[in-house]
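Chain by chain, the residues run as shown.
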Amino acid sequence: MKRIFLAIALLVLITASASAIWVYRDLHTPIQHTKHGHYVEIPRGSSPTTVVNRLADEGIIKHRLPLTLYLKLTANGSQLKAGDYDFPSPISPLAVFARLREGEQRLLRLTVVEGWTRWDISNAMFKIPELNLADSTSALPLMNNVSLISDLDPKATNLEGYLFPDTYDFPPDTKAPEVIAIMVKRFRKEWKPDWTQQAARRGLSPRQVVTTASLVETEAKLSEDRPLIASVIYNRLQKQMALAVDSTIIYASKLEGKWRNDGKVYKSDVERRSPYNTRLHSGLPPGPIASPGKSSLEAALSPAQTDYLYYVREPSRNDGAHNFYSNESDFAAGVRALRNWEQQRDAAAASQDGAKF
């Protein structure tokens, strides 16, 4: 009888040890799941058992028992917080618990691309239903709150140029004016304290630097081209030459509601009598025409030292690289090379289209 008792006790001990090892391993072993990128809601007032069952049903954890035991034995069930959770994959049950203890709220996301205008940003905000905007232009009046930037740019009539391009995450109850304030706050964070003095040493106001940076942003595709394009702008300004930047012409058309948004600049656009039309008016446009990123702001503050007055796209590359010139004859040759390349490209495309029939 004693041997039977010992055998039973040993069996129980082995079973308990094996179970403990299994529970320990399960709690510490990350598992793959398919819910990453999707929010799992844990409602307020949910019991630990309800939470564990929800996690298991969603495939976030593999087994219910280990995490249930852990929460009961440690009395940590009361630490679970309601919220919307996006769990990474793979993740272990203990890591899941850690996130549930910290709490998480579902966030909305807005990405503002470098070179976007107020119209682009307003349209992107409209596509976020939680912001409750009536149409794609409803955020535009909110971008006239120049008090957010008046100390840096007392001449500002709107926030064009000061809505910093970045990806923003914010809670669902955030209001549209708050989103705009967040973008301006991000700009102010990037605008270093000594940049105002650095601009003044060049004889420029912060507004003029941001305006120049917005031109650089809309013209340059490569980071190494930005200081060179900035040098062209400043060199032409010094010689009182018209900047002739097409993006300013497009901006002028947008201001008047005349832009056709088909990628083409029409004769009516080029001839539009607007202070933003830098083909007709020398000097910088009255204000920024887009949201410049950090590298464009830095290029406007620290341009390359060159004698370049012209630039044109390099046709042999498809990355947006430019060639730069200091005289009109070389520039004209560069333009001819680009036009010839465009004609050959169009002819090849037409030939391929004809071969399909």
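Peer 1: Please provide a residue-by-residue account of the overall build of the protein chain, values included.
Peer 2: Regarding its fold elements, the protein chain presents 13 helices and six strands. Relative to the globule expectation of 21 Å for 357 residues, the C-alpha radius of gyration of the protein chain, 30 Å, shows a markedly less compact shape. Counting across all 357 residues of the protein chain, residues that qualify as buried make up 39%. In the protein chain, the proportion of contacts linking residues at least 24 apart, taken out of those at least 6 apart, comes to 63%. Working note: accessible area of the protein chain is about 19900 Å², and carbon and sulfur atoms make up 53% of it. Charge centroids of the protein chain, computed over 45 positive and 39 negative side chains, lie 5 Å from each other.

Peer 1: Which residues make up the packing of aromatic side chains, and what are the values?
Peer 2: All chains considered together, the criterion is met by eleven aromatic pairs. In this structure an aromatic cluster arises from ring pairing among Tyr162, Phe187, Trp191 and Trp195. Its guanidinium or amino end placed over the ring of Tyr266, Arg260 lies 3.8 Å from that ring's centre, counting from NZ or CZ.

Peer 1: Break down the pairing of strand β3 (residues 108–111) for me, with residues and values.
Peer 2: Residues Leu108 and Leu110 point to one face of β3 and are all buried, whereas Arg109 and Thr111, pointing to the other face, are not buried. Judged from the four bridges that link them, β3 and strand β4 (residues 167–170) form a sheet pairing that is antiparallel. Among the inter-strand pairings, Thr111 is bridged to a residue of β4, identified as Thr167.

Peer 1: If you had to explain the pattern of salt bridges to someone new, which residues and values would you point to?
Peer 2: The full count for this structure, using the stated rule, is 20 salt bridges. For Asp151, the salt bridge is made with Arg188, and the minimal N-O distance between the two is 2.6 Å. Taken as a pair, Asp151 in the loop between α5 (118–126) and β4 and Arg188 in helix α6 (residues 176–190) lie far apart in primary sequence, 37 residues in all. Classification of Asp151 by relative accessible area gives exposed; the value is 57%. Here Arg188 falls in the partly exposed class, since its relative accessible area comes to 34%. Measuring nitrogen to oxygen at the nearest pair gives 4.0 Å for the salt bridge that ties Lys294 to Glu190. In this pair, Lys294 sits in helix α12 (residues 294–301) while Glu190 sits in helix α6, placing the two residues 104 residues apart along the sequence. Using a relative accessible area of 12% as the deciding quantity, one classes Glu190 as buried. Through salt bridges with shared partners, a single network forms among Asp166, Arg186, Glu190 and Lys294.

Peer 1: I'd like a description of the nonpolar core, backed by residues and values.
Peer 2: Within the largest apolar cluster, 38 residues are counted, with the highest numbers of intra-cluster contacts made by Leu110, Met125, Met183 and Phe187. Of all the elements in the fold, those that place two or more residues in this core are β3, α5, β4, α6, α7 (195–201), α8 (206–219) and α12. Sorting elements by how many residues they give to this core places α6 first, with six residues. By size, the runner-up hydrophobic cluster in this structure holds 19 residues, among which are Leu67, Leu71, Leu80 and Phe97.

Peer 1: Give me the lowdown on the side chain of Asp153, citing residues and values where you can.
Peer 2: Structurally, the position occupied by Asp153 is in the loop between α5 and β4. For Asp153, the side chain forms a polar contact with the side chain of Tyr162, separated by 2.7 Å. Within polar-contact distance, the side chain of Asp153 engages the side chain of Arg207 at 2.7 Å. With residues up to four places along the chain from it excluded, the contact list for Asp153 reads Tyr162 and Arg207.

Rules of the game
Residues numbered from 1 in each chain as written. Predicted model: local features only at pLDDT ≥ 70, side-chain atom pairs only at ≥ 80, totals over all residues. Heavy atoms only, no water. Helix = DSSP H or I, 4+ residues; strand = E, 2+ residues; numbered from the N terminus. Rg over C-alpha atoms; globule rule 2.2 N^0.38 Å. Buried < 20%, exposed > 50% of the residue type's maximum accessible area, 1.4 Å probe, protein only. Contact = heavy atoms within 4.5 Å. Areas by Shrake-Rupley, 256 points an atom, 1.4 Å probe, with all protein chains shown as cover. Lys, Arg positive; Asp, Glu negative; His and termini not counted. Charge placed at Lys NZ, Arg CZ, Asp CG, Glu CD. Phe/Tyr/Trp six-rings, centres within 6.5 Å; stacked < 30°, edge-to-face > 60°. Lys NZ or Arg CZ within 6 Å of the ring centre and 35° of its normal. Pairing = 2+ DSSP bridges. Salt bridge = Lys/Arg side-chain N within 4 Å of Asp/Glu carboxyl O. Core = buried A, V, L, I, M, F, W, Y, C linked by side-chain atoms within 4.5 Å. Polar contact = N/O pair within 3.5 Å; in protein donor to acceptor, adjacent residues only side chain to side chain.

None of the figures reported here should be taken as evidence of function without further support.
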